[in-house]
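A closer look at the structure
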Amino acid sequence: MTRRAPLSLAARLAVAAAVVAVVLVLAYARSGSGIVVSQAVLTGLLLGGVYGLVAMGLTLIFGVLDIVNFAHGALMTVAMYGTVLLASHAGLDPYLTLLVTAPALFGIGMALQSGLINRTMGSSLANQLLLTLGIGLLIENVLLLSFGSEPRSVAVGYAAPLRAFGAVADLTRVIAFLGALGLAALLYLLLQRTRVGTAIRAVAANPDGAQLVGIDVRRMYVLTFALGTACAGAAGTLVAPFVTVEATTGELFNIIAFVVVVLGGMGNVVGALVGGLLIGLTEQLGGVLLPEQSPLLAVFVVFVLVLFLRPQGLFGRSS
Amino acid sequence: MTLLSVRGLSKSFRGVRALHDVSFDVADGRILGIIGPNGAGKTTLFAAVSGGVAADAGTVRFAGQDVTRWPDHRRARAGLVRTFQLMRPFGAMTVLDNVAVAAQVRASSRAAALAAPDAVLDRVGLARYRDQRSTELPAAELKRLELARALALRPRLLLLDEVLAGLVPAERGPVLDLLGTLRDEGITLVFVEHVMAAVMRLSDEVLVLDQGQVIAAGTPAEVTGDPRVVEAYLGDEAALASGDDGDDGNDGNDGNDDDADDEDPETPC
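Residues numbered from 1 in each chain as written. Chains lettered and ligands numbered in written order. Predicted model: local features only at pLDDT ≥ 70, side-chain atom pairs only at ≥ 80, totals over all residues.

Observations regarding the overall build of chain B
Let me state the cut-off plainly: Secondary structure elements follow DSSP: runs of H or I no shorter than four residues count as helices, runs of E no shorter than two count as strands, and numbering proceeds from the N terminus. C-beta atoms are first placed from the backbone for all residues, and any pair lying within 7 Å is then listed as a contact.
The secondary structure content of chain B amounts to twelve helices and ten strands. Counting only contacts in chain B whose residues sit at least 6 apart along the sequence, the fraction spanning at least 24 positions is 63%.

Right under this line is the structure:
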């Protein structure tokens, strides 16, 4: 790392943009169709926004608590089932259920952190990893027991395809994208502009120093985990209308969020959002370039490249 | 009135006795200097009083309340505030924000918290670094930042862990003057310090620790005349009499916690 001169933020963004441009040209050459490429870009960006929100929650938890939360995806699935239940049984509009699922997941996050994870703070990474992995497995299996293995879906009565540049985007995906961006902005403002947010950033920067100035660090851990989990919950509700809801649906998002977090810089909240958009693009354009492969192949190629070339992520480690 | 009262404080780490039956009082508005050779237990005592280390036995009473089992942050909010010898800045945040984090504990709103730091930064001489990231500050300035953060909490009692370490002699005078004005404002000070001249100049009382025990306590004059102190800590009576750093010639056995480099033999503050 020290061999190369550090690139400025603008230069790193320019490199990322150049890579995207090259990939776009390649995708166009490969598919021979502008519509295929613009469809991939549109779908990728829309989904990428949601990846960004999921990853923001994950990276916030990592940045402040130094915990890699393997239960993140399972918690997202809990919110999806919450939306399924409230929408199909109570007849609520799926997006209105956000008012229930996000606070509920916030509460679950608080309970998990204060009841279980706070006890492992400061213990070995492996302990924490096994704990969150265990919580994730437990949640998945409880969901499987309660709802069975039959896939569920959420119907949105007013869903309609929207067109742009010859590409088609379903309204539900556009709403998910805009909702994710809005919530991401809210989270950012909370962290930067409020007293609690400032305290959380202080804990991330230096827990000892934070304690020194009268901040209850364990309480901030609980709040942070709850906020991160609420992000996963909100994302779960936002994607519920266009994914098949199963006990393991969140897992895929969890894996992608890990890649996004590494790409954006571990603990970097803004980096997670940008990383989410880039990974959304990677997944869709990868599908165009390597049509016979799983779209995740390109995501993992990017993951490995980032680990080798820029392990601190595009935007460095910070919160 | 007694602001801080420590009784029978003991602490062992894996069988090694770091503190044994330490008792002392600090009256409101006084300055207590704590000295002792390396490994005497000064840092452990600080941590036990401020909350970082849970004592095995003994009590710490602050402003009439038993704070022995209180977590650090609660003690800090009560006005029992410490600084660390090795600084704990909030790296990526600006100097202003670093202090604002402390100020917001006392402030009624975020706006008030953001307005408070300027006066404090001005006092400790950091005003010109206001908008820089704290990672960009030189070590000596970080020391001031640590002090600024502690002051923003409006402490009643300030525990200072080697505030002069890392400062060149010319920088020490202003810091000592500042500590003097803090006392005049009613802030009680307890400090651990290696720069002996500073301890003698500033302290109303001095507590001498050796191997986890209090071996002497009293006014600077009383303590320096105590043969046990001379034997345990100073080793060289001449150094003490001359009012010098006190570690000339005995660096070999007394050692300075971890910054022997900034002890300057010829230095009066």
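From this point, things continue past the structure.
Thoughts on the interface of chain A and chain B
Cut-off, in case you're wondering: Put simply, Ala, Val, Leu, Ile, Met, Phe, Trp, Tyr, Cys and Pro go in the nonpolar bin, Asp, Glu, Lys and Arg in the charged bin, and everything else, Gly too, in the polar bin.
Contacts between chain A and chain B engage 18 residues on the former and 21 residues on the latter. Elements represented by at least two residues in the side of chain A that touches chain B include exactly helix 7 (195-205) and helix 8 (207-212) of chain A. With six residues, helix 7 of chain A is the largest single contributor of residues to the side of chain A that touches chain B. Partitioning the side of chain A that touches chain B into residue classes produces seven nonpolar, seven polar and four charged.

Details of the environment of B:Glu162
You can see B:Glu162 is positioned in the loop between strand 7 (157-161) and helix 7 (169-184). Residues contacting B:Glu162, with those up to four places away along its chain left out, are B:Gln85, B:Val192, B:Glu193 and B:His194.

Structural notes on helix 6 (residues 139-152) of chain B
All names here are of chain B. This is how the line gets drawn: Every helix has an expected span of 1.5 Å times one less than the residues it contains. Here exposure depends only on C-beta density: within 10 Å of a residue's C-beta, 20 or more other C-beta atoms make it buried, 12 or fewer make it exposed, and intermediate numbers make it partly exposed, the C-beta atoms being placed from the backbone.
For helix 6, built from 14 residues, the straight-helix expectation of 20 Å at 1.5 Å per residue is met to within 8% by its first-to-last C-alpha distance of 20 Å. Summarising burial for helix 6: twelve of the 14 residues are buried, a large majority. In this fold, the buried residues of helix 6 make contact with strand 6 (80-82), helix 3 (95-106), helix 5 (117-124) and strand 7. Phi turns positive one or two residues past the end of helix 6, at arginine 154, with a value near 50°.

What to know about the confidence of the model for chain B
Residues and elements named next belong to chain B. Worth spelling out the cut-off: Residue-level confidence of the predictor is summarised by pLDDT, bounded by 0 at the bottom and 100 at the top.
Per-residue confidence for chain B gives a mean pLDDT of 82, with 86% of residues at or over 70. Low pLDDT, under 50, characterises residues 236-269; the predicted model gives this stretch 60 contacts beyond four residues in sequence or across chains. Our summary of model confidence lists the complex with pTM equal to 0.85 and ipTM equal to 0.77.

Points about unusual backbone geometry
Backbone phi values are negative for most residues with the exception of glycine, while trans is the configuration of most peptide bonds. Residue and element names in this part refer to chain B. A positive phi is found at arginine 14, a non-glycine position, where the angle reads about 45°. Positionally, arginine 14 belongs in the loop between strand 1 (2-13) and strand 2 (16-27). Even without glycine at this site, aspartate 21 takes up a positive phi of about 50°. Following the sequence through the fold, aspartate 21 ends up in strand 2.

Section: the domain arrangement of chain B
All names here are of chain B. How we decide: Source of the domain bounds: an automatic or database domain assignment.
Taken domain by domain, chain B comprises domain 1 (2-79 + 158-262) and domain 2 (90-154). Elements represented by at least two residues in the side of domain 1 that touches domain 2 include exactly helix 2 (72-78) and helix 7. In terms of residues, the side of domain 1 that touches domain 2 owes the most to one element, helix 7, which gives three residues. When the residues that make up the side of domain 1 that touches domain 2 are grouped by side-chain class, the tally is six nonpolar, one polar and two charged.

Details of the nonpolar core
Quick reminder of the rule: Note on terminology: a nonpolar core is any set of buried Ala, Val, Leu, Ile, Met, Phe, Trp, Tyr and Cys residues joined through C-beta atoms within 7 Å.
Counting residues in each nonpolar core, the largest one holds 185 residues, and the members touching the most others are A:Val50, A:Val54, A:Cys231 and A:Ala235. The element that contributes the greatest number of residues to this core is helix 2 (residues 34-65) of chain A, accounting for 18 residues. Two domains each provide a minimum of three residues to this core, namely domain 1 (2-79 + 158-262) and domain 2 (90-154) of chain B. In this structure, A:Val50 is in contact with A:Ala176, A:Phe177, A:Ala180, A:Ala235, A:Leu238 and A:Val239, ignoring residues within four places of it in sequence.

A closer look at the packing of helix 2 of chain A against helix 11 (residues 269-289) of chain A
Any two packed helices are characterised by the angle at which their axes cross and by the distance between the axes. Residues and elements named next belong to chain A. Heads up, the condition is: Angles here are taken between N-to-C directions and fall from 0 to 180 degrees, while the axes themselves are lines fitted to C-alpha atoms, restricted in helices to the stretch in contact. A clockwise turn of the near helix away from the far one marks a right-handed crossing, whereas an anticlockwise turn of less than a right angle marks a left-handed crossing.
Two numbers describe how helix 2 lies on helix 11: the axes approach to 6 Å, and their chain directions differ by 145°. By crossing handedness, the relation of helix 2 to helix 11 is classed as right-handed. A class-by-class count of the residues in the contact of helix 2 with helix 11 yields 19 nonpolar, eleven polar and one charged.

A word on the sheet that holds strand 9 (residues 205-210) of chain B
Residues and elements named next belong to chain B. The condition is simple: Pairing between two strands requires that DSSP report at least two bridges joining them.
Strands sit in the order 6-7-8-3-9-10 across an open sheet of six strands; the sheet is mixed. Single-partner strands in this sheet number two, and they are strand 6 and strand 10 (213-218). On average, each strand axis in the sheet is tilted by 15° relative to the strand beside it, whichever way the strands run. The sheet contact formed by strand 9 and strand 10 spans five bridges and is antiparallel. Opposite valine 208, over in strand 10, you have alanine 216 as the bridge partner. Relative to the sheet, helix 1 (residues 42-50) contacts strand 3 (31-35), strand 6, strand 7, strand 8 (188-192) and strand 9, its axis offset from that of strand 7 by approximately 150°.

Remarks on the sheet that holds strand 1 of chain B
Residues and elements named next belong to chain B. Read from one edge of the open sheet, four strands run 2-1-4-5, paired in antiparallel fashion. Pairing within the sheet leaves two strands with one partner each, and these edge strands are strand 2 and strand 5 (65-66). Against the sheet, helix 1 touches strand 1, strand 2 and strand 4 (57-62), its axis set at about 60° to strand 2.

A word on the packing of helix 2 of chain A against helix 6 (residues 171-193) of chain A
All names here are of chain A. It is at 8 Å that the axes of helix 2 and helix 6 come closest, and there the two elements cross at 35°. The interaxial crossing formed by helix 2 with helix 6 has left-handed handedness. For the pair helix 2 and helix 6, contact is made by Leu46, Gly49, Val50, Gly52, Leu53 and Met56 and by Arg173, Val174, Ala176, Phe177, Ala180, Leu181, Leu183, Ala184 and Leu187, respectively. Broken down by class, the residue content of the contact of helix 2 with helix 6 amounts to twelve nonpolar, two polar and one charged.

Let's talk about helix 9 (residues 217-239) of chain A
In a regular helix each residue adds 1.5 Å, so 23 residues correspond to 33 Å; helix 9 of chain A covers 33 Å between its end C-alpha atoms and thus fits that length. By the criterion of burial, helix 9 of chain A is predominantly enclosed, with 21 of the 23 residues buried.

Some remarks on the pairing of strand 9 of chain B
Residues and elements named next belong to chain B. Of all six residues in strand 9, five are buried; the element is thus mostly enclosed. Judged from the four bridges that link them, strand 3 and strand 9 form a sheet pairing that is parallel. Counterpart to isoleucine 34 in the pairing with strand 9 is leucine 207. The turn joining strand 9 and strand 10, which pair antiparallel and follow one another in sequence, is formed by two residues; a positive phi near 50° is taken by glutamine 211.

A look at the environment of B:Arg144
All names here are of chain B. As for its position among the elements, arginine 144 is in helix 6. When the 24 C-beta atoms within 10 Å are taken as the criterion, arginine 144 is described as buried. With residues near it in sequence (within four places) discarded, arginine 144 still touches Val124, Gly125 and Leu126.

What to know about the environment of A:Pro151
All names here are of chain A. As for its placement among the helices and strands, proline 151 is situated in the loop between helix 5 (125-147) and strand 1 (161-164). According to the C-beta neighbour criterion, proline 151 is exposed, with 12 such atoms within 10 Å. Sequence separation between proline 151 and valine 243 is 92 residues, and the spatial gap between their C-alpha atoms is 9.7 Å. Contacts of proline 151, omitting those with residues within four sequence positions, involve Thr244, Val245 and Glu246.

Focus on the pairing of strand 4 of chain B
A regular strand places its side chains so that they alternate between the two faces of the sheet. Residue and element names in this part refer to chain B. Where strand 1 meets strand 4, five bridges bridge the pair, whose relative direction is antiparallel. Each residue of the ladder has a partner; that of arginine 7, found in strand 4, is threonine 59. Bridge count between strand 4 and strand 5: two bridges; the pairing is antiparallel. Looking at strand 5, one finds that phenylalanine 62 is bridged to glutamine 65. Between the end of strand 4 and the start of strand 5, which pair antiparallel, lie two residues, with alanine 63 showing a positive phi angle near 50°.

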